[in-house]
Amino acid sequence: MMTMTYKNIQTEKEEQIGIVRLHRPTVLNALSHELMEELVAALQEFDNDDKIRVIILTGSDKAFAAGADIKEMSDETTVSIMLKDRFATWDKVRKTKKPIIAAVSGYALGGGCELAMTCDIIIASETAKFGQPEINIGVIPGAGGTQRLTRAIGKYKAMEIILTGRPITASEALAAGLVNKVVPAELLLDEAKVMAKEIAKKSPVAVKLAKEAILKVFDTSISEGLEFERKNFYMLFSSEDQKEGMRAFLEKRPANFTGK
């Protein structure tokens, strides 16, 4: 296991899993611009590492991330905040090619909830609280909250959460379809690793193209999405992993995927 240290995050490798931990404990992992830049750098490093197949993004027991860093934004004007284009950093998180599992404990509010939704799978501890409380400070979600939350849980529940600013519990989030699974806090990271290891066994090429095809749902009509899915499906038949996977199935043995 190798550990690298940034100022606002911690990273480590465990076999084929890259782990990124948000680490601003004094402010409940508030998402400063500096933290987001470090996060993007770490994700890109893992994305470019052939040994890493899945990434886990997590925080502390108290907070995944309690929101954006309000101190950074309180004096901004419309023009100044537009020129800084802080959301360009968030777009880079979404463009990470390898699957990202968010392991969420404690607060995931505002930008924290939006960051979790930018990931591909969300596993929550029983202590997790999700919400978009921006309405309480006179703004609205700006890093995708109105769009991703509505797509995840539907118009009516999203309206309630965003317009009231009321957080929801992990069990409410599970019932609404926002998270994949809820586990005791002490088992959170272990559960995320179990899922990561399961995904890491699959063909990296197929996983990458499957993720791309699923994300395409959010950007296109169903007909365009189907066309994209079929092209990715056809493309996989030129991969060594496809040949190995099908041979292994026919020979009744485990497949040895190499990502080629």
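## Comments concerning the packing of helix H10 (residues 204-216) against helix H11 (residues 222-235)
- Relative orientation of the contacting elements H10 and H11 amounts to 175 degrees, with a least axis distance of 9 Å. Judged on the interaxial angle alone, H11 and H10 are roughly antiparallel. Mapping the contact onto sequence places Leu209, Glu212, Ala213 and Lys216 in H10 and Gly225, Phe228, Glu229, Asn232 and Met235 in H11.

## What about helix H4 (residues 87-94)?
- Inspection of H4 places Thr89, Trp90 and Val93 among the buried residues, and these make up the whole buried set. The buried residues of H4 all sit within an arc of 100 degrees when viewed along its axis, so they share a single face.
- Buried residues belonging to H4 abut helix H1 (33-47), strand S6 (100-104) and helix H5 (111-118).

## Quick word on the pairing of strand S4 (residues 54-58)
- Burial analysis of S4 places 5 of its 5 residues in the buried class, the great majority of the element.
- Residues Val54, Ile56 and Thr58 line one face of S4 and the alternating positions Ile55 and Leu57 line the opposite face, and both faces are buried.
- One ladder, built from 5 bridges, connects strand S3 (residues 17-22) with S4; its direction is parallel. Residue pairing in the sheet places Gly18 in a bridge with Ile55 of S4.

## Some thoughts on the nonpolar core
- Membership of the largest hydrophobic core comes to 42 residues, with the highest contact counts inside it found for Val20, Leu57, Phe64, Val104, Leu115 and Phe130.
- Counting residues per element, this core draws most heavily on H1, at 7 residues.
- The next biggest cluster of nonpolar side chains, apart from the first, holds 15 residues, and it includes Ile19, Val54, Ile121 and Ala192.

## Notes on the environment of Ile122
- Positionally, Ile122 belongs in strand S8 (residues 121-125).
- Relative accessible area serves as the criterion here: at 5%, Ile122 is assigned to the buried category.
- As a C-alpha pair, Ile122 and Val104 span 18 residues in sequence and 7.2 Å in three-dimensional space.
- Once residues within four sequence positions are removed from consideration, Ile122 is found in contact with Ala102, Val104, Ala116, Met117, Phe130, Leu178, Val179, Asn180 and Lys181.

## Topic: the sheet that holds strand S9 (residues 129-131)
- Strand order in the open sheet formed by 4 strands is S5-S7-S9-S10, with mixed pairing between adjacent strands. Either end of the sheet is taken by a strand with one partner, and the two such strands are strand S5 (63-65) and strand S10 (168-169).
- Across the sheet, H5 lies against S5, strand S7 (107-109) and S9, angled at about 90 degrees from S7, the strand it touches most.

The rules behind the values
Residues numbered from 1 in each chain as written. Predicted model: local features only at pLDDT ≥ 70, side-chain atom pairs only at ≥ 80, totals over all residues. Heavy atoms only, no water. Axes fitted to C-alpha atoms, helices over the stretch in contact; angles between N-to-C directions. Helix = DSSP H or I, 4+ residues; strand = E, 2+ residues; numbered from the N terminus. Parallel < 35°, antiparallel > 145°, perpendicular 65-115°, else oblique. Contact = heavy atoms within 4.5 Å. Buried < 20%, exposed > 50% of the residue type's maximum accessible area, 1.4 Å probe, protein only. Arc of directions from axis to C-beta. Pairing = 2+ DSSP bridges. Core = buried A, V, L, I, M, F, W, Y, C linked by side-chain atoms within 4.5 Å.

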